[in-house]
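# Structural overview
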Amino acid sequence: MEKRVTTPLTLEQVKDLKSGDSVLISGVIYTARDAAHKRLCELAAQGKPLPFDPTDSVVYFVGPAPAKGDQVIGSAGPTTSYRMDAYSPTLIALGQRGMIGKGKRSPEVVAAMKEHGAVYFGAIGGAGALLSRCIKKAEIIAYEDLGAEALRRLEVEDLPAFVIIDCEGNNLYETGRKEYLESIK
Amino acid sequence: MREINAQDITAAVKRLCMEANSYLPGDIKERICKCYENEPWDLAKNILGIIKENYEIAEDKYVPICQDTGVACVFLEIGQDVHINGNLEEAIHQGVREGYIEGCLRKSVVRDPLDRVNTTDNTPAMIYYNIVPGDGLKLTVAPKGFGSENMSQIKMLKPSDGLEGVKAFILKAVEDAGPNPCPPIVVGVGIGGTFDKAAFLAKKALMRDTNVRNADPFYADLENEMLEKINALGIGPQGVGGKTTALAVNIEKMATHIAGLPVAVNINCHVTRHKSIEL
Ligand code: SF4
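In this text, all values refer to a predicted model and were calculated from it rather than measured experimentally. (Residues numbered from 1 in each chain as written. Chains lettered and ligands numbered in written order. Predicted model: local features only at pLDDT ≥ 70, side-chain atom pairs only at ≥ 80, totals over all residues. Heavy atoms only, no water.)

Summing up its helical and strand segments, chain A has six helices and seven strands in all. By the compact-globule yardstick of 16 Å for 185 residues, chain A fits well, its C-alpha radius of gyration being 16 Å. Taken along the three principal axes of its C-alpha coordinates, chain A extends 50 × 40 × 25 Å. Intrachain contacts of chain A at a sequence separation of at least 6 include 62% that bridge at least 24 residues. If you sum the accessible surface of chain A, you get close to 7600 Å²; carbon and sulfur atoms cover 50% of it. In chain A, the 23 positive side-chain charges and the 24 negative ones have mean positions that sit 4 Å from each other. (Helix = DSSP H or I, 4+ residues; strand = E, 2+ residues; numbered from the N terminus. Rg over C-alpha atoms; globule rule 2.2 N^0.38 Å. Contact = heavy atoms within 4.5 Å. Areas by Shrake-Rupley, 256 points an atom, 1.4 Å probe, with all protein chains shown as cover. Lys, Arg positive; Asp, Glu negative; His and termini not counted. Charge placed at Lys NZ, Arg CZ, Asp CG, Glu CD.)

Written out as structure tokens, the structure reads:
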């Protein structure tokens, strides 16, 4: 059974999410890839405010395809998260609670997640056509010059994802594989 | 001598860019369905079901299967008796430009690897020419996503590393990649040649229909063996564990130097796209 997750994502909600949970995410989330993350961290380093309030925020690592016809947004699946590893600890320290991406994270990111209480969701890489249907509204709020990599505010409804790494550092990539391999012994 | 107009090449490339991004090849779809049926791990099966639903939506609505609509890899087999009226290379780039803009495909190319300014039309294409006998012209467009491209590896093995070294290196590349390249993956392997030829063979291997095995029975067996070994790793769809890590392993090989054993592993995701046309 899926757990419903609504943003803003509070620490209480995060503590309730366990690695391996299937979730449906609803509410406002923000998109950013490497280029936008770099700029966000530069602002943070200068002590300047970010284009959105990071407190209890969820960031989706995605560079969507352009909308076609009457679409709200084009295909919009996750990009590989490790490219954001250099930046995520800074944003987590500022209050970001959730990240949606795909693939491995660095020990530094996991340490920041445990310290501040944050969760890493995996969305299905390569399912951009399906995932874009969960996006009900999309607007660029900063860095328009980055094109697909611009910072967007999305309103999502029941976006399917999995808890890959929870705030205790449990990692589905490690446990899921181990459990599967044991099941076939 | 047969004449082909550059404009016809532009039109063909444009169409192939758009279609390849929405219509997954039949062999890949079949393999996803088969793996879905045979997947014993619940979460893995769920994911394969969503992957299936996703390509059906893409096909039905004519939208990109994945938002990473790739860098356009364009393969040409040009008959040596063909003459192109106009600028061939510019005609290909123009086709990519028109296809990516009109098709609402994502523009994912930067003009320089270090200054990283987006070209805003997905050009230039990555072009691979092959001159063949006759007067035909075969065009293949393969949009290549970089989540999987980034997980590719190449190594100059020693001849003494032999077959076992090759097998170990293929498994290492898949293991290192883990959940990153959107498994289930398709693994293209190039063995032999030079440093660059091995890499090209690996990419070429990804263009082959996954229901066609290497014509050399030794390499056909190796493809089957490696698929089994990769799927025994248990990485599973999206890395959550499961039986389905790879959909296929395609290997291409060629002659090489007495001192060398180059091996390249080009990884592709479940969105292994390519479409061809003969002009
Ligand atoms: S690796 Fe493939 S499926 Fe994954 S995001 Fe890139 S193109 Fe899409």
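Next comes the rest of the description.
So, about the domain arrangement of chain B. Residues and elements named next belong to chain B. Taken as a whole, chain B is organised into domain 1 (2–20 + 65–144) and domain 2 (147–273). Listed per partner, the contact involves 13 residues of domain 1 and 12 residues of domain 2. Summed over both sides, the interface of domain 1 with domain 2 buries roughly 950 Å², with 67% coming from carbon and sulfur. When the buried surface of domain 1 facing domain 2 is broken down by residue, Phe75, Pro143 and Lys144 rank first, second and third, together holding 52% of it. Applying the counting criterion to the domain 1 and domain 2 interface returns one salt bridge. A salt bridge links Lys144 to Glu149; its shortest N-O distance comes to 3.1 Å. Remark: the boundary between domain 1 and domain 2 carries four residue pairs in polar contact (both at pLDDT 80 or more). When residues of the side of domain 1 that touches domain 2 are assigned to their parent elements, the largest contribution, five residues, is made by strand E5 (residues 137–144). (Domains from an automatic or database assignment. Buried area = accessible area lost by both parts, 1.4 Å probe. Salt bridge = Lys/Arg side-chain N within 4 Å of Asp/Glu carboxyl O. Polar contact = N/O pair within 3.5 Å; in protein donor to acceptor, adjacent residues only side chain to side chain.)

Our focus in this paragraph is the pattern of salt bridges. According to the stated counting rule, one finds 33 salt bridges over all chains in the structure shown. Among the salt bridges present, the one from A:Glu149 reaches A:Arg33, with a minimum N-O distance of 3.5 Å. Here the residue A:Glu149 occupies a position in the loop between strand E6 (135–142) and strand E7 (151–165), and A:Arg33 occupies one in the loop between strand E2 (22–31) and helix H2 (34–45), the gap between them amounting to 116 residues. Residue classification places A:Glu149 among the partly exposed residues on the basis of a relative accessible area of 23%. According to the relative accessible area criterion, A:Arg33 is buried, its value standing at 11%. Among the ionic pairs, B:Glu19 bridges to B:Lys275, the shortest N-O distance being 3.2 Å. Of the two residues, B:Glu19 sits in helix H1 (residues 6–22) while B:Lys275 sits in strand E10 (residues 275–278), which places them 256 residues apart along the sequence. Salt bridges sharing partners connect three or more residues here, namely A:Lys137, A:Glu139, A:Arg153 and A:Glu155. (Buried < 20%, exposed > 50% of the residue type's maximum accessible area, 1.4 Å probe, protein only.)

Here we take up the pairing of E2(A). All names here are of chain A. Within E2, eight of the 10 residues are buried, which leaves it mostly tucked inside the rest of the structure. Pairing between strand E1 (residues 3–6) and E2: four bridges, direction parallel. Directly across from Thr6, in E2, lies its bridge partner Ser26. Following the chain from E1 across helix H1 (residues 11–16) to the adjacent parallel E2, one finds a crossover that is right-handed. Relative to E7, E2 runs antiparallel, the two sharing nine bridges. Along E7, the bridge assignment pairs Val28 with Glu155. (Pairing = 2+ DSSP bridges. Right-handed = clockwise from strand over helix to strand, strands pointing away.)

Residue-level contacts link 44 residues of chain B with 37 residues of chain A. Carbon and sulfur atoms make up 60% of the area that chain B and chain A hide from each other, which totals about 3300 Å². By the criterion of area lost to chain A, the three top residues of chain B are B:Trp41, B:Gln67 and B:Arg106, representing 19% of everything that side buries. Remark: the boundary between chain B and chain A carries one salt bridge. Seen at the junction of chain B and chain A, the total is 16 residue pairs in polar contact (both at pLDDT 80 or more). At the level of elements, helix H3 (42–61) and helix H6 (162–177) of chain B are the ones that each hand at least two residues to the side of chain B that touches chain A. At nine residues, the largest contribution of residues to the side of chain B that touches chain A is made by H3(B). A breakdown of the residues in the side of chain B that touches chain A according to their chemical character gives 24 nonpolar, 13 polar and seven charged. (Nonpolar A, V, L, I, M, F, W, Y, C, P; charged D, E, K, R; others polar.)

Contacts to the ligand come from 13 residues, most closely from A:Gly126, B:Cys66, B:Cys182, B:Cys269 and B:Arg273. More than one chain reaches the ligand: the nearby residues come from chains A and B. Of the residues contributing to the shell around the ligand, the split by class is five nonpolar, five polar and three charged. Mapping the shell around the ligand onto the domain boundaries places at least three of its residues in each of domain 1 (2–20 + 65–144) and domain 2 (147–273) of chain B. (Near = heavy atom within 4 Å.)

The next thing to look at is the environment of A:Glu168. Within the secondary structure layout, A:Glu168 lies in the loop between E7 and helix H6 (172–183). Sequence-wise, A:Glu168 and A:Val5 are 163 residues apart; in three dimensions their C-alpha atoms are separated by 18 Å.

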